[in-house]
Amino acid sequence: MIDIKYNYSLRSHNTFGIDVRAKKFIEYGTTKELVQLIKEGEIESPFLHIGSGSNLLFIRDFEGTILHSKIDSIEITHQDSESVYLRVGSGIDWDKFVAYTVDQNWYGLENLSLIPGEVGASAVQNIGAYGVEVKDFIQKVETVDLSGDQRIFAKDECNYAYRYSIFKEPENKNKVVTHVHYKLSKIEELNLGYGSIQAALARYGEISLKNVRKAIIQIREEKLPDPRIIGNAGSFFMNPIVDRAHFEQIKERYPNMPFYELSTDQVKIPAGWMIDVCGWKGKSLGNAGVHKNQALVLVNRGEATGQEIINLAHAIQKSVFDEFKINIHPEVNFIK
Ligand code: EPU
(Lines give C-alpha, C1' and ligand atoms only; values in the text may rest on other atoms or scores of the structure.)
Protein backbone atom coordinates (compact mmCIF):
# COMPACT_ATOMS: atom_id res chain seq x y z
CA MET A 1 0.00 0.00 0.00
CA ILE A 2 1.53 3.30 -1.11
CA ASP A 3 0.25 6.37 0.70
CA ILE A 4 1.34 9.88 -0.37
CA LYS A 5 0.43 13.01 1.60
CA TYR A 6 1.29 16.66 0.95
CA ASN A 7 2.02 19.50 3.39
CA TYR A 8 1.78 16.93 6.15
CA SER A 9 2.32 17.59 9.89
CA LEU A 10 5.21 15.57 11.34
CA ARG A 11 4.17 16.10 14.95
CA SER A 12 3.13 12.46 15.42
CA HIS A 13 6.22 11.23 13.56
CA ASN A 14 8.84 12.62 15.95
CA THR A 15 8.88 11.71 19.64
CA PHE A 16 9.96 15.25 20.60
CA GLY A 17 6.51 16.27 19.31
CA ILE A 18 7.91 19.18 17.27
CA ASP A 19 5.23 20.63 14.99
CA VAL A 20 6.81 21.00 11.55
CA ARG A 21 5.48 20.01 8.13
CA ALA A 22 6.80 17.89 5.26
CA LYS A 23 6.18 19.02 1.70
CA LYS A 24 5.60 15.35 0.81
CA PHE A 25 5.23 12.30 3.05
CA ILE A 26 5.27 8.79 1.57
CA GLU A 27 4.62 5.42 3.19
CA TYR A 28 5.12 2.07 1.44
CA GLY A 29 4.50 -1.52 2.48
CA THR A 30 6.91 -3.61 0.39
CA THR A 31 10.34 -3.39 -1.26
CA LYS A 32 8.58 -3.61 -4.63
CA GLU A 33 6.53 -0.51 -3.83
CA LEU A 34 9.65 1.39 -2.79
CA VAL A 35 11.35 0.49 -6.09
CA GLN A 36 8.20 1.58 -7.95
CA LEU A 37 8.21 4.96 -6.15
CA ILE A 38 11.85 5.44 -7.15
CA LYS A 39 11.18 4.52 -10.79
CA GLU A 40 8.23 6.89 -10.99
CA GLY A 41 10.34 9.77 -9.65
CA GLU A 42 8.05 10.29 -6.64
CA ILE A 43 10.93 10.76 -4.18
CA GLU A 44 11.92 14.39 -4.58
CA SER A 45 15.08 15.75 -3.08
CA PRO A 46 15.96 16.51 -0.35
CA PHE A 47 14.77 13.23 1.04
CA LEU A 48 14.82 11.74 4.51
CA HIS A 49 13.83 8.26 5.60
CA ILE A 50 12.42 8.14 9.11
CA GLY A 51 11.45 5.37 11.51
CA SER A 52 9.31 6.38 14.45
CA GLY A 53 11.24 9.66 14.74
CA SER A 54 12.63 8.74 18.16
CA ASN A 55 16.12 9.99 17.37
CA LEU A 56 15.36 13.09 15.33
CA LEU A 57 15.11 16.78 16.03
CA PHE A 58 13.31 18.80 13.35
CA ILE A 59 14.35 22.46 13.27
CA ARG A 60 12.07 23.66 10.48
CA ASP A 61 9.58 22.49 7.85
CA PHE A 62 11.04 19.82 5.58
CA GLU A 63 11.00 21.04 1.98
CA GLY A 64 11.31 17.63 0.38
CA THR A 65 10.11 14.04 0.74
CA ILE A 66 9.92 12.12 3.99
CA LEU A 67 9.76 8.35 3.51
CA HIS A 68 8.47 5.87 6.06
CA SER A 69 8.50 2.08 5.77
CA LYS A 70 5.45 0.04 6.72
CA ILE A 71 7.12 -3.26 5.78
CA ASP A 72 5.88 -5.49 8.57
CA SER A 73 6.75 -9.11 7.80
CA ILE A 74 8.60 -11.47 10.15
CA GLU A 75 9.90 -14.62 8.44
CA ILE A 76 11.91 -17.50 9.89
CA THR A 77 14.50 -18.11 7.17
CA HIS A 78 15.89 -21.19 8.89
CA GLN A 79 16.47 -22.70 12.30
CA ASP A 80 18.30 -25.50 14.08
CA SER A 81 18.25 -26.83 17.62
CA GLU A 82 20.26 -23.86 18.94
CA SER A 83 19.32 -20.83 16.84
CA VAL A 84 16.60 -19.18 14.85
CA TYR A 85 17.29 -16.90 11.88
CA LEU A 86 14.77 -14.16 11.15
CA ARG A 87 14.17 -11.73 8.28
CA VAL A 88 12.26 -8.78 9.65
CA GLY A 89 10.58 -5.83 7.91
CA SER A 90 12.06 -2.38 8.68
CA GLY A 91 8.70 -0.82 9.58
CA ILE A 92 7.91 -3.01 12.58
CA ASP A 93 7.82 -1.28 15.94
CA TRP A 94 11.01 -2.33 17.75
CA ASP A 95 9.41 -3.25 21.06
CA LYS A 96 6.59 -5.23 19.39
CA PHE A 97 9.32 -7.26 17.71
CA VAL A 98 11.20 -7.75 21.00
CA ALA A 99 7.95 -8.80 22.73
CA TYR A 100 7.32 -11.35 19.96
CA THR A 101 10.83 -12.87 20.30
CA VAL A 102 10.45 -13.14 24.09
CA ASP A 103 7.04 -14.83 23.64
CA GLN A 104 8.68 -17.36 21.34
CA ASN A 105 11.39 -18.03 23.99
CA TRP A 106 14.16 -16.75 21.76
CA TYR A 107 17.06 -15.16 23.63
CA GLY A 108 19.04 -12.06 22.71
CA LEU A 109 16.94 -8.92 22.44
CA GLU A 110 15.31 -8.85 25.89
CA ASN A 111 17.71 -6.21 27.31
CA LEU A 112 16.68 -3.96 24.42
CA SER A 113 13.03 -3.99 25.50
CA LEU A 114 11.03 -0.77 25.27
CA ILE A 115 13.60 1.13 23.19
CA PRO A 116 11.52 3.45 21.03
CA GLY A 117 11.94 3.12 17.27
CA GLU A 118 11.54 0.61 14.46
CA VAL A 119 13.46 -2.40 13.16
CA GLY A 120 15.13 -0.52 10.28
CA ALA A 121 16.58 2.12 12.59
CA SER A 122 17.90 -0.53 14.98
CA ALA A 123 20.36 -1.56 12.26
CA VAL A 124 21.35 1.99 11.31
CA GLN A 125 21.82 3.24 14.85
CA ASN A 126 23.15 0.04 16.47
CA ILE A 127 20.78 0.59 19.39
CA GLY A 128 22.06 -0.53 22.76
CA ALA A 129 21.11 -0.70 26.41
CA TYR A 130 21.92 -2.62 29.59
CA GLY A 131 25.09 -4.25 28.31
CA VAL A 132 23.72 -5.34 24.91
CA GLU A 133 24.03 -3.88 21.41
CA VAL A 134 21.81 -5.03 18.55
CA LYS A 135 24.87 -5.65 16.33
CA ASP A 136 25.51 -8.81 18.38
CA PHE A 137 22.36 -10.32 16.82
CA ILE A 138 22.37 -8.82 13.32
CA GLN A 139 23.46 -11.09 10.47
CA LYS A 140 22.79 -8.91 7.44
CA VAL A 141 20.91 -5.81 6.29
CA GLU A 142 18.91 -5.50 3.07
CA THR A 143 18.92 -2.06 1.41
CA VAL A 144 17.54 -0.28 -1.63
CA ASP A 145 19.48 2.69 -3.00
CA LEU A 146 17.53 5.64 -4.39
CA SER A 147 19.14 4.82 -7.74
CA GLY A 148 17.08 1.61 -7.51
CA ASP A 149 20.02 -0.73 -6.75
CA GLN A 150 19.37 -3.38 -4.16
CA ARG A 151 22.21 -4.58 -1.96
CA ILE A 152 22.57 -6.85 1.05
CA PHE A 153 25.26 -5.86 3.57
CA ALA A 154 26.79 -8.64 5.65
CA LYS A 155 27.18 -7.65 9.31
CA ASP A 156 30.96 -7.17 8.93
CA GLU A 157 30.40 -4.69 6.11
CA CYS A 158 28.26 -2.52 8.39
CA ASN A 159 31.32 -1.54 10.52
CA TYR A 160 29.28 -1.51 13.70
CA ALA A 161 30.53 0.42 16.74
CA TYR A 162 28.90 2.30 19.63
CA ARG A 163 25.73 3.88 18.11
CA TYR A 164 27.41 3.67 14.70
CA SER A 165 27.11 1.89 11.35
CA ILE A 166 28.20 2.80 7.81
CA PHE A 167 24.56 3.69 7.11
CA LYS A 168 25.21 6.91 9.07
CA GLU A 169 27.89 8.02 6.59
CA PRO A 170 26.89 10.76 4.13
CA GLU A 171 27.69 8.54 1.12
CA ASN A 172 25.09 6.03 2.32
CA LYS A 173 22.34 8.54 3.01
CA ASN A 174 20.60 7.33 -0.19
CA LYS A 175 20.32 3.79 1.13
CA VAL A 176 17.04 2.68 2.63
CA VAL A 177 16.98 -0.35 4.94
CA THR A 178 14.09 -2.63 4.00
CA HIS A 179 14.79 -5.77 6.06
CA VAL A 180 17.11 -6.77 8.89
CA HIS A 181 18.24 -10.37 9.50
CA TYR A 182 18.77 -11.44 13.12
CA LYS A 183 20.11 -14.63 14.69
CA LEU A 184 18.62 -15.38 18.10
CA SER A 185 19.32 -18.23 20.52
CA LYS A 186 16.96 -20.98 21.58
CA ILE A 187 19.29 -21.80 24.45
CA GLU A 188 19.21 -19.72 27.64
CA GLU A 189 21.73 -16.88 27.38
CA LEU A 190 20.91 -13.96 29.65
CA ASN A 191 22.99 -10.83 30.08
CA LEU A 192 22.54 -9.69 33.68
CA GLY A 193 25.84 -7.85 34.17
CA TYR A 194 24.43 -4.32 34.12
CA GLY A 195 24.17 -2.75 37.60
CA SER A 196 20.46 -2.33 38.19
CA ILE A 197 19.12 -5.45 36.41
CA GLN A 198 19.65 -7.89 39.29
CA ALA A 199 17.90 -5.61 41.77
CA ALA A 200 14.92 -5.07 39.45
CA LEU A 201 14.74 -8.82 38.68
CA ALA A 202 14.51 -9.68 42.37
CA ARG A 203 10.96 -8.27 42.35
CA TYR A 204 9.78 -10.83 39.80
CA GLY A 205 11.00 -14.11 41.35
CA GLU A 206 12.78 -16.58 39.08
CA ILE A 207 15.44 -15.49 36.62
CA SER A 208 13.82 -16.10 33.23
CA LEU A 209 13.66 -14.51 29.81
CA LYS A 210 10.21 -13.05 30.44
CA ASN A 211 11.23 -11.65 33.83
CA VAL A 212 14.34 -10.00 32.38
CA ARG A 213 12.08 -8.21 29.90
CA LYS A 214 9.80 -7.12 32.76
CA ALA A 215 12.79 -5.87 34.78
CA ILE A 216 14.19 -3.86 31.86
CA ILE A 217 10.78 -2.31 31.21
CA GLN A 218 10.53 -1.38 34.87
CA ILE A 219 14.00 0.24 34.92
CA ARG A 220 13.26 2.23 31.77
CA GLU A 221 9.83 3.35 32.93
CA GLU A 222 11.26 4.59 36.23
CA LYS A 223 14.06 6.61 34.63
CA LEU A 224 12.92 7.66 31.18
CA PRO A 225 9.93 9.84 30.31
CA ASP A 226 7.21 8.31 28.11
CA PRO A 227 7.34 10.26 24.82
CA ARG A 228 3.54 9.96 24.49
CA ILE A 229 3.30 12.15 27.62
CA ILE A 230 6.48 14.28 27.53
CA GLY A 231 8.19 14.79 24.17
CA ASN A 232 11.78 13.48 24.19
CA ALA A 233 14.22 11.43 22.12
CA GLY A 234 15.83 9.23 24.79
CA SER A 235 19.52 9.93 25.40
CA PHE A 236 20.22 13.25 23.74
CA PHE A 237 24.04 12.93 23.88
CA MET A 238 26.40 10.01 23.38
CA ASN A 239 28.60 8.98 26.27
CA PRO A 240 32.07 10.37 25.51
CA ILE A 241 35.17 8.20 25.34
CA VAL A 242 38.25 9.78 26.95
CA ASP A 243 41.87 8.73 27.33
CA ARG A 244 43.05 7.23 30.61
CA ALA A 245 45.12 10.28 31.71
CA HIS A 246 42.16 12.61 31.29
CA PHE A 247 39.90 10.15 33.12
CA GLU A 248 42.35 9.91 36.06
CA GLN A 249 42.40 13.72 36.39
CA ILE A 250 38.61 13.86 36.64
CA LYS A 251 38.54 10.86 38.98
CA GLU A 252 40.77 12.74 41.44
CA ARG A 253 38.18 15.48 41.68
CA TYR A 254 35.18 13.12 41.58
CA PRO A 255 36.20 9.80 43.19
CA ASN A 256 32.64 8.42 42.93
CA MET A 257 32.26 9.10 39.22
CA PRO A 258 30.62 6.19 37.36
CA PHE A 259 32.50 4.93 34.28
CA TYR A 260 32.80 2.01 31.84
CA GLU A 261 36.24 0.55 31.08
CA LEU A 262 36.73 0.11 27.34
CA SER A 263 40.43 -0.74 27.06
CA THR A 264 43.73 0.02 28.78
CA ASP A 265 43.77 3.55 27.33
CA GLN A 266 40.09 4.34 26.93
CA VAL A 267 37.24 4.93 29.35
CA LYS A 268 33.62 5.90 28.67
CA ILE A 269 32.07 8.42 31.05
CA PRO A 270 28.26 8.77 31.36
CA ALA A 271 27.30 12.14 29.89
CA GLY A 272 24.15 12.07 32.06
CA TRP A 273 26.26 12.03 35.20
CA MET A 274 28.35 15.01 33.98
CA ILE A 275 25.24 17.01 33.06
CA ASP A 276 23.79 16.17 36.47
CA VAL A 277 27.01 17.33 38.22
CA CYS A 278 26.72 20.62 36.29
CA GLY A 279 23.34 21.13 37.96
CA TRP A 280 21.09 20.76 34.92
CA LYS A 281 18.74 17.99 36.10
CA GLY A 282 15.15 19.25 36.11
CA LYS A 283 16.14 22.69 34.73
CA SER A 284 14.60 24.44 31.72
CA LEU A 285 15.54 27.02 29.11
CA GLY A 286 12.39 28.33 27.44
CA ASN A 287 10.16 25.38 26.58
CA ALA A 288 13.08 22.94 26.52
CA GLY A 289 14.09 21.08 29.66
CA VAL A 290 16.29 18.43 31.24
CA HIS A 291 14.41 15.40 32.60
CA LYS A 292 14.19 15.20 36.38
CA ASN A 293 15.26 11.52 36.64
CA GLN A 294 17.91 11.25 33.92
CA ALA A 295 19.93 14.29 32.89
CA LEU A 296 20.87 12.74 29.53
CA VAL A 297 17.29 13.18 28.32
CA LEU A 298 16.14 16.57 27.02
CA VAL A 299 12.39 17.12 26.97
CA ASN A 300 9.82 19.29 25.26
CA ARG A 301 7.98 20.99 28.10
CA GLY A 302 5.17 22.15 25.84
CA GLU A 303 5.38 23.86 22.51
CA ALA A 304 9.17 23.81 22.20
CA THR A 305 10.70 24.48 18.80
CA GLY A 306 13.66 22.49 17.55
CA GLN A 307 15.79 25.62 17.97
CA GLU A 308 14.87 25.87 21.67
CA ILE A 309 16.02 22.29 22.22
CA ILE A 310 19.29 23.09 20.40
CA ASN A 311 19.82 26.22 22.52
CA LEU A 312 19.51 24.12 25.66
CA ALA A 313 21.83 21.46 24.21
CA HIS A 314 24.48 24.12 23.47
CA ALA A 315 24.25 25.56 26.99
CA ILE A 316 24.70 22.05 28.43
CA GLN A 317 27.67 21.30 26.15
CA LYS A 318 29.34 24.51 27.32
CA SER A 319 28.82 23.70 31.02
CA VAL A 320 30.19 20.19 30.58
CA PHE A 321 33.21 21.48 28.68
CA ASP A 322 33.93 24.16 31.29
CA GLU A 323 33.78 21.63 34.13
CA PHE A 324 35.36 18.53 32.54
CA LYS A 325 37.15 19.75 29.37
CA ILE A 326 35.14 17.16 27.44
CA ASN A 327 33.06 17.82 24.32
CA ILE A 328 29.83 15.84 24.35
CA HIS A 329 28.13 15.16 21.02
CA PRO A 330 24.43 14.64 20.26
CA GLU A 331 23.16 11.14 19.58
CA VAL A 332 20.01 12.74 18.18
CA ASN A 333 20.13 13.74 14.49
CA PHE A 334 19.33 17.40 13.78
CA ILE A 335 17.27 17.81 10.59
CA LYS A 336 17.92 21.29 9.22
N1 EPU B 1 23.72 9.27 36.17
C2 EPU B 1 23.62 10.29 37.08
N3 EPU B 1 22.72 11.29 36.86
C4 EPU B 1 21.91 11.30 35.76
C5 EPU B 1 22.00 10.26 34.83
C6 EPU B 1 22.92 9.24 35.05
O7 EPU B 1 24.34 10.32 38.07
O8 EPU B 1 21.11 12.23 35.64
C9 EPU B 1 24.64 8.16 36.42
C10 EPU B 1 23.86 6.90 36.82
O11 EPU B 1 23.63 6.85 38.21
C12 EPU B 1 24.79 5.79 36.38
C13 EPU B 1 25.47 6.38 35.15
O14 EPU B 1 25.32 7.79 35.23
O15 EPU B 1 25.77 5.56 37.36
C16 EPU B 1 24.90 5.83 33.85
O17 EPU B 1 23.50 6.12 33.80
P18 EPU B 1 22.46 5.12 33.08
O19 EPU B 1 22.61 3.74 33.62
O20 EPU B 1 21.12 5.75 33.17
O21 EPU B 1 22.96 5.02 31.58
P22 EPU B 1 23.54 6.10 30.57
O23 EPU B 1 24.97 5.84 30.36
O24 EPU B 1 23.14 7.46 31.00
C25 EPU B 1 23.16 4.61 28.45
C26 EPU B 1 22.46 4.69 27.13
C27 EPU B 1 20.96 4.52 27.31
C28 EPU B 1 20.72 3.16 27.92
C29 EPU B 1 21.47 3.11 29.27
C30 EPU B 1 21.39 1.74 29.90
C31 EPU B 1 23.80 6.16 25.74
C32 EPU B 1 23.93 7.51 25.10
N33 EPU B 1 22.73 5.97 26.51
O34 EPU B 1 22.72 5.71 29.24
O35 EPU B 1 20.37 4.53 26.01
O36 EPU B 1 19.34 2.92 28.13
O37 EPU B 1 22.88 3.37 29.05
O38 EPU B 1 22.20 0.85 29.19
O39 EPU B 1 24.68 5.32 25.54
C40 EPU B 1 19.25 5.90 24.41
O41 EPU B 1 20.20 5.68 23.67
O42 EPU B 1 18.27 6.61 24.07
C43 EPU B 1 19.27 5.33 25.76
C44 EPU B 1 18.31 5.58 26.65
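As shown above, the structure is provided for reference.
Here is a short report on the structure shown in this document. (Residues numbered from 1 in each chain as written. Predicted model: local features only at pLDDT ≥ 70, side-chain atom pairs only at ≥ 80, totals over all residues. Heavy atoms only, no water.)

This paragraph deals with the site of the ligand. Contacts to the ligand come from 24 residues, most closely from Tyr130, Tyr162, Arg163, Tyr194 and Asp276. Interatomic distance of 2.7 Å between a side-chain N/O atom of Asp276 and a nitrogen atom of the ligand. Within the backbone of Ala295, an N or O atom sits 2.8 Å from an oxygen atom of the ligand. For the ligand, whose accessible area on its own is 820 Å², the fraction buried by protein is 82%. Among the secondary structure elements, those contributing two or more residues to the shell around the ligand are strand E8 (128-129), helix H5 (209-223), strand E13 (231-235) and helix H7 (271-277). Tallied by class, the residues present in the shell around the ligand amount to 12 nonpolar, six polar and six charged. In this structure, the shell around the ligand is formed jointly by two domains, domain 2 (74-185) and domain 3 (231-335), each of which donates at least three residues. (Near = heavy atom within 4 Å. Polar contact = N/O pair within 3.5 Å; in protein donor to acceptor, adjacent residues only side chain to side chain. Areas by Shrake-Rupley, 256 points an atom, 1.4 Å probe, with all protein chains shown as cover. Helix = DSSP H or I, 4+ residues; strand = E, 2+ residues; numbered from the N terminus. Nonpolar A, V, L, I, M, F, W, Y, C, P; charged D, E, K, R; others polar. Domains from an automatic or database assignment.)

Attention now goes to the side chain of Asn111. By secondary structure assignment, the location of Asn111 is in the loop between helix H2 (94-103) and helix H3 (119-125). Exposure remark for Asn111: the relative accessible area of 0% places this residue in the buried category. A polar contact of 2.9 Å, which involves the side chain of Asn111, links it to the backbone oxygen of Tyr130. When near neighbours in sequence (up to four residues on either side) are disregarded, Asn111 contacts Ala129, Tyr130, Val132, Asn191, Ile197, Val212 and Ile216. (Buried < 20%, exposed > 50% of the residue type's maximum accessible area, 1.4 Å probe, protein only. Contact = heavy atoms within 4.5 Å.)

Applying the stated criterion across every chain yields a total of 19 salt bridges. Between Asp3 and Lys5 there is a salt bridge, and its shortest N-O distance comes to 2.9 Å. Given a relative accessible area of 28%, Lys5 falls into the partly exposed group. With a shortest N-O distance of 2.8 Å, Arg151 and Glu157 are connected by a salt bridge. (Salt bridge = Lys/Arg side-chain N within 4 Å of Asp/Glu carboxyl O.)

All right, on to the packing of aromatic side chains then. By the definition in use, this model includes 14 aromatic pairs. Ring centres of Phe153 and Phe167 lie 5.0 Å apart, and the angle between their planes is 80°; this geometry places the pair in the edge-to-face category. Of the two residues, Phe153 is situated in strand E11 (residues 150-154) and Phe167 in the loop between E11 and strand E12 (175-185); the sequence distance between them amounts to 14 residues. For the pair shown, Phe153 and Phe167 are each scored as buried. (Phe/Tyr/Trp six-rings, centres within 6.5 Å; stacked < 30°, edge-to-face > 60°.)

Once that is clear, we can look at the sheet that holds strand E14 (residues 241-243). Read across the sheet, three strands follow the order E14-E16-E15 without closing on themselves; strand pairing throughout is antiparallel. Every interior strand has two partners, whereas the edge strands, E14 and strand E15 (260-261), have only one. Where E15 meets strand E16 (residues 266-268), two bridges bridge the pair, whose relative direction is antiparallel. Looking at E16, one finds that Glu261 is bridged to Val267. (Pairing = 2+ DSSP bridges.)

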